[in-house]
Amino acid sequence: KTSAMYASYDYAYRRLRPGAPDVVAGLVAGAWSGPFEAVVVQPFQVVKVRMQSTASLGRYASSLDCAVDMVAREGLKAVATRGLAATLWRNSVWNSVY
């Protein structure tokens, strides 16, 4: 998670810095790093939330069991994209001011 965020932030900051003020480069690079972080983290978040839900208590033996079952029942898209839009916005805004 952290390496995806910082690697994409650093890349964007280095590209923007020669022509933009530090503050602007930092804000834009932070917003740029949010989607990269979200794409890496989202599948793990979906599995974590599913395992913590009251409907799923005791249903899964492990996180891997939960992920395999979700992919088998709902498809890979459900694990990778469920809640992604909200996470993209949250991470972009937070990373730009952080």
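Owing to the predicted nature of the structure, the values given are computational and were not obtained by experimental measurement.

Q: Please clarify how the nonpolar core should be interpreted in this entry.
A: With 6 residues, the main nonpolar core is built from Val-46, Val-47, Tyr-60, Cys-66, Met-70 and Val-79. Mapped onto this core, the elements with two or more residues apiece are helix H2 (22-52) and helix H3 (63-74). Contact partners of Val-47, with chain neighbours within four places excluded, come to Ser-63, Cys-66, Ala-67, Met-70 and Val-79.

Q: When you look at the pattern of salt bridges in this model, what are you seeing that I'm missing?
A: Note on pairing: side chains with opposite charge can pair once their charged atoms come close. Taken as a whole and judged by the stated rule, the model has 6 salt bridges. The partner of Asp-22 in a salt bridge is Arg-17, and the shortest N-O contact between them spans 2.4 Å. On the accessibility criterion, Asp-22 (42% relative accessible area) is partly exposed. You can call Arg-17 partly exposed: its relative accessible area is 34%. For Arg-82, the salt bridge identified is with Glu-74, shortest N-O distance 2.9 Å. Since its relative accessible area comes to 41%, Arg-82 is described here as partly exposed. One salt-bridge network, in which partners are shared between bridges, spans Arg-50, Glu-74 and Arg-82.

Q: Would you take a moment to explain the side chain of Ser-33 for this structure?
A: Looking at the secondary structure, you find Ser-33 in helix H2. What makes Ser-33 buried here is its relative accessible area of 1%. Filtering out sequence-adjacent residues up to four positions away, Ser-33 remains in contact with Met-5, Ser-8, Tyr-9 and Asn-95.

Q: Please clarify how the packing of H2 against H3 should be interpreted in this entry.
A: Helix packing geometry: the angle between the two helix axes and the distance between the axes. Where H2 meets H3, the axes come as close as 10 Å, and the angle between the chain directions of the two elements is 100 degrees. The angle between H2 and H3 places the two elements in the roughly perpendicular class. On the side of H2, the interface is formed by Val-46, Val-47, Arg-50 and Met-51, while H3 contributes Ser-63, Cys-66, Ala-67, Met-70 and Glu-74. Looking at the contact of H2 with H3 residue by residue, the class counts come to 6 nonpolar, 1 polar and 2 charged.

Q: Please explain H3 as it appears in this structure.
A: The end-to-end C-alpha distance of H3 is 16 Å, a good match for the 16 Å that 12 residues give at a rise of 1.5 Å each. Taken together, the buried positions of H3 are occupied by Cys-66, Asp-69 and Met-70. Here the buried residues of H3 occupy an arc of 100 degrees about the axis, which is enough to place them on one side. Facing away from the buried surface of H3 by more than 90 degrees, the exposed residues are Leu-64, Val-68 and Ala-72.

Calculation criteria
Residues numbered from 1 in each chain as written. Predicted model: local features only at pLDDT ≥ 70, side-chain atom pairs only at ≥ 80, totals over all residues. Heavy atoms only, no water. Core = buried A, V, L, I, M, F, W, Y, C linked by side-chain atoms within 4.5 Å. Buried < 20%, exposed > 50% of the residue type's maximum accessible area, 1.4 Å probe, protein only. Helix = DSSP H or I, 4+ residues; strand = E, 2+ residues; numbered from the N terminus. Contact = heavy atoms within 4.5 Å. Salt bridge = Lys/Arg side-chain N within 4 Å of Asp/Glu carboxyl O. Axes fitted to C-alpha atoms, helices over the stretch in contact; angles between N-to-C directions. Parallel < 35°, antiparallel > 145°, perpendicular 65-115°, else oblique. Nonpolar A, V, L, I, M, F, W, Y, C, P; charged D, E, K, R; others polar. Expected span 1.5 Å × (residues − 1). Arc of directions from axis to C-beta.

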